[in-house]
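Now for the letters of each chain:
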There are 2 protein chains.
Amino acid sequence: MRTRDPRPNLDRDRIVRTALAVIDRDGVAGLTMRKFGAELGVDPMAVYYYLPDKGALFDAVVEAVHDEMGELEVGPDATWQSVVWEASQRMRTVLRRHPHTVPLIGTRPVLSPKMLAASDRLIGQLVDTGLTAATALNILACVRAFTIGYLLIEVGVPAGPPIEKAGEVGDVMAGYPALAAGMAQGYDPDRQFDLGLRALVDGWVASAGSGH
Amino acid sequence: MRTRDPRPNLDRDRIVRTALAVIDRDGVAGLTMRKFGAELGVDPMAVYYYLPDKGALFDAVVEAVHDEMGELEVGPDATWQSVVWEASQRMRTVLRRHPHTVPLIGTRPVLSPKMLAASDRLIGQLVDTGLTAATALNILACVRAFTIGYLLIEVGVPAGPPIEKAGEVGDVMAGYPALAAGMAQGYDPDRQFDLGLRALVDGWVASAGSGH
DNA sequence: ACCTGAACACCGTTCAAGT
DNA sequence: ACCTGAACACCGTTCAAGT
């Protein structure tokens, strides 16, 4: 008895936004094309009119998440260190809003025009602060590796079937004194990350020069 | 007409070694329980006698790869920098032999006794060189993040269905001058990685002290 | 142009049964 | 103890068909 909307009730944007929402809620493995169709209120195969396959859907989600990072505005007195720092922190902030997408981001290097343009722009901004393009690319690759690698460990979302249980972590720690000592003060992932990022950025200056 | 071997022709070790070999050959998605049974020459369900499910098989593969890294022998004049450097390089070497396992390693933080013992040992070795346990854990986490993050980008193995094609990379680069300039000299992943790792290690000294 | 629905060729896993 | 085989409840995707 529902009136049918004569206009298409599906479009690429709605599909991608919904996919991201489903992944945020149910994880990557929780997004099946069949359940996804139900979520959208259409036949599961309707999605294939807009995207060739599930891989393309994942790539589109990766792009959507990257879009959420926006563009960096760089002041005239910015250093390359400040630009790199800001880029990394922003990536971290956005990915912590979408923890289930981290394995996707780390694993699907989308080479769409939009993604390439974003990289090109960022490298250009780094070059403007005095780096060579090659050095900019190098440090960006390293900082990205650190950022997503750290998030991967931090969120610890298994990509496949569930992980074997290992009992109470607290109990297990008893047999590993150095590990236990290291974790005695508790651990603050943000602080740890900041220390690592700072080391990576500052260390580049100390050991490799600033690109000229 | 074949004579049946009266002894079990399956054991956990053979299962795990074969699984790693299959993943090396066909990728993670190429390992299905049904094909895996055929590979082993048994009914697919035979594996379930030794491991509860596919996730446990993946965890066992992760452990097997970690085992391949072996233990670090640390001389009396070793610095924490040399220990961390060696641990990272060894991880990189082993994972480059098993590129398809990288997403698995990055995504399945196995907490088995063996893995915990290995971490405990390494932290202990770092403490012996003068670091506090907390600092050792922190820098280890950061170096691991960098190492697997870098490998993840480097090997670029899609975890899900195949990636959307983006035409010839060379052609596409035309519209992205900074990117093109950065890649003009070609790129040497080993050198890039070494620079990043060195920055991370040296930077830690410069900005956070050496733990006392 | 946009969506449906049946069909195909797969999956992982449970469970009772065989030896 | 160790392995089999049928069965269950799913998958992603193709393709012809509907409107």
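Starting afresh in each chain, residues are numbered from 1 along the sequence in its written order. Lettering of chains starts at A and numbering of ligands starts at 1, both following the order in which they are written. The predicted origin of the model limits local features to residues at a pLDDT of at least 70 and limits the giving and counting of side-chain atom pairs to 80 or more, whereas totals for whole chains, interfaces and linings rest on all residues. Side-chain numbers here rest on the full set of heavy atoms in the structure, without hydrogens or water.

**Q** Would you mind showing me how to read the overall build of chain A here?
**A** Helix numbering and strand numbering both begin at the N terminus, where a helix is a DSSP run of H or I of at least 4 residues and a strand a DSSP run of E of at least 2. Across its full length, chain A carries 10 helices and zero strands. Listing the helices and strands of chain A from first to last along the sequence gives α-α-α-α-α-α-α-α-α-α. Within the span of chain A, comprising 212 residues, buried residues form 46% of the whole. What makes two residues a contact is simply this: any of their non-hydrogen atoms within 4.5 Å. Restricting to contacts in chain A with at least 6 residues of sequence separation, those with at least 24 account for 74%. Using the Shrake-Rupley algorithm and a 1.4 Å probe, accessible areas are obtained, with residue cover drawn only from the displayed protein chains. Carbon and sulfur atoms make up 54% of the accessible area of chain A, which totals about 10600 Å². Burial status follows relative accessibility: with a 1.4 Å probe on protein chains alone, a residue under 20% of its type maximum counts as buried, one over 50% as exposed, and anything between as partly exposed.

**Q** Would you take a moment to explain the protein's contact with DNA strand C for this structure?
**A** One heavy atom suffices: a residue is near a molecule or strand as soon as one of its heavy atoms comes within 4 Å of it. Lining the immediate surroundings of DNA strand C are 19 residues, of which Asp-43 and Tyr-50 of chain A together with Arg-34, Met-45 and Tyr-48 of chain B lie closest. In DNA strand C, atoms within 4 Å of the protein come from the sugar-phosphate backbone in 55% of cases. Polar contact is defined as a pair of N or O atoms within 3.5 Å, subject to the rule that within protein one atom must be able to donate a hydrogen and the other to accept it, and that residues adjacent in sequence are counted only when both atoms are side-chain atoms. One of the side-chain N or O atoms of Asn-9 of chain A is found 2.7 Å from a phosphate oxygen in DNA strand C. Measuring from a phosphate oxygen of DNA strand C, one finds a side-chain N or O atom of Tyr-48 of chain B at 2.6 Å. By residue number, the principal contributor to the surface near DNA strand C is helix α2 (residues 33–40) of chain B, which donates three residues. All amino acids are sorted into three groups, where Ala, Val, Leu, Ile, Met, Phe, Trp, Tyr, Cys and Pro are nonpolar, Asp, Glu, Lys and Arg are charged, and the leftover types, Gly among them, are polar. Residues that form the surface near DNA strand C fall into these classes: 11 nonpolar, two polar and six charged.

**Q** Help me out: how do you make sense of the packing of helix α3 (residues 54–68) of chain A against helix α4 (residues 80–97) of chain A in this one?
**A** The axes of two packed helices give the description: the angle between them and the distance between them. Residue and element names in this part refer to chain A. Working convention: axes come from line fits to C-alpha atoms, limited for helices to the stretch in contact. Angles between N-to-C directions cover 0 to 180 degrees. Between α3 and α4, whose axes approach to 9 Å, the crossing angle comes to 125 degrees. As far as their axial angle goes, α4 and α3 are oblique. Judged by the sense of rotation from one axis to the other, the crossing of α3 with α4 is right-handed. Residues Val-65, His-66 and Glu-68 of α3 pack against Met-91, Val-94, Leu-95 and Arg-97 of α4. Note on angle classes: values under 35 degrees are labelled roughly parallel, values over 145 roughly antiparallel, values of 65 to 115 roughly perpendicular, and the remainder oblique. Crossings are classed by handedness, with left-handed meaning an anticlockwise turn of the near helix from the far one by less than a right angle and right-handed meaning a clockwise turn.

**Q** Would you explain the UniProt feature "DNA-binding region" (unreviewed entry) in chain A in this entry?
**A** UniProt positions are given in the numbering used here, feature names are shortened, and annotations may be inferred rather than shown by experiment. The sites that carry the UniProt feature "DNA-binding region" (unreviewed entry) are, in the present numbering, residues 32–51 of chain A. End C-alpha to end C-alpha, residues 32–51 of chain A measures 14 Å, and it is 40% helix and 0% strand.

**Q** What should I look at first to understand the packing of aromatic side chains in this one?
**A** A pair of aromatic rings is counted whenever rings of Phe, Tyr or Trp (Trp by its six-membered ring) have centres within 6.5 Å, and the orientation is called stacked for planes under 30 degrees apart, edge-to-face for over 60 and tilted otherwise. Going through the model one piece at a time under the given rule, you end up with eight aromatic pairs over all chains. Seen from their ring centres, Tyr-49 of chain A and Tyr-50 of chain A are 5.2 Å apart, and the 80 degrees between their planes marks the pair as edge-to-face. Note on Tyr-49 of chain A: relative accessible area 70%, which makes it exposed. Note on Phe-146 of chain B and Phe-193 of chain B: the rings are 5.2 Å apart at their centroids and 15 degrees apart in plane angle, and the pair reads as stacked. Of this pair, Phe-146 of chain B sits in helix α7 (residues 133–155) while Phe-193 of chain B sits in helix α10 (residues 189–208); the two residues are 47 residues apart in sequence, bridging distant segments of the chain.

**Q** Which parts of the structure should I look at to understand the side chain of Asn-138 of chain B?
**A** One can find Asn-138 of chain B in helix α7. Dropping the residues within four chain positions of it, Asn-138 of chain B is found in contact with Gln-192 and Leu-195 of chain A together with Trp-204 of chain B.

**Q** Explanation requested: the protein's contact with DNA strand D in the structure shown.
**A** Residues in close proximity to DNA strand D total 19 residues, the closest being Arg-34, Met-45 and Tyr-48 of chain A together with Asp-43 and Tyr-50 of chain B. For DNA strand D, the backbone makes up 55% of the atoms found within 4 Å of the protein, where backbone means sugar plus phosphate. One of the backbone nitrogen or oxygen atoms of Met-33 of chain A is found 2.8 Å away from a phosphate oxygen of DNA strand D. Asn-9 of chain B is positioned such that a nitrogen or oxygen atom in its side chain is 2.7 Å from a phosphate oxygen of DNA strand D. Tallying contributions element by element places helix α2 (residues 33–40) of chain A first for the surface near DNA strand D, with three residues.

**Q** Can you help me understand the nonpolar core in this one?
**A** Across soluble globular proteins, you tend to see nonpolar side chains buried next to one another. Residues belong to one nonpolar core when they are buried, are Ala, Val, Leu, Ile, Met, Phe, Trp, Tyr or Cys, and are joined through side-chain atoms within 4.5 Å. Ranked by internal contacts, the top residues of the largest apolar core, which has 62 residues, are Phe-36 of chain A together with Phe-36 of chain B. Membership of the second largest hydrophobic core comes to 60 residues, among which are Ala-178 and Leu-179 of chain A together with Tyr-150 and Ala-178 of chain B.

**Q** Just to check I follow, could you spell out the pattern of salt bridges for this structure?
**A** It is possible for side chains of opposite charge to pair when their charged atoms get near one another. A carboxyl oxygen of Asp or Glu within 4 Å of a side-chain nitrogen of Lys or Arg is what we treat as a salt bridge. Counted according to the given criterion, the structure contains 22 salt bridges over all chains. Salt bridges linked by common partners bring Arg-92, Arg-96, Glu-154 and Asp-190 of chain A together as one network.

**Q** Can you help me understand α2 of chain A in this one?
**A** Along an α-helix, residues three or four positions apart point the same way, because every turn accommodates 3.6 residues. All names here are of chain A. Regarding α2, the residues found buried are Met-33, Phe-36, Gly-37 and Leu-40. Down the axis of α2, the smallest arc covering the buried residues is 105 degrees, so these residues share one side. Facing away from the buried side of α2 by over 90 degrees, the exposed positions are Arg-34 and Ala-38. As for α2, its buried residues are in contact with α1 (12–26) and α3. Gly-41 sits one or two residues past α2 and shows a positive phi near 75 degrees. Arc, as used here, means the arc of the directions from the helix axis to the C-beta atoms.

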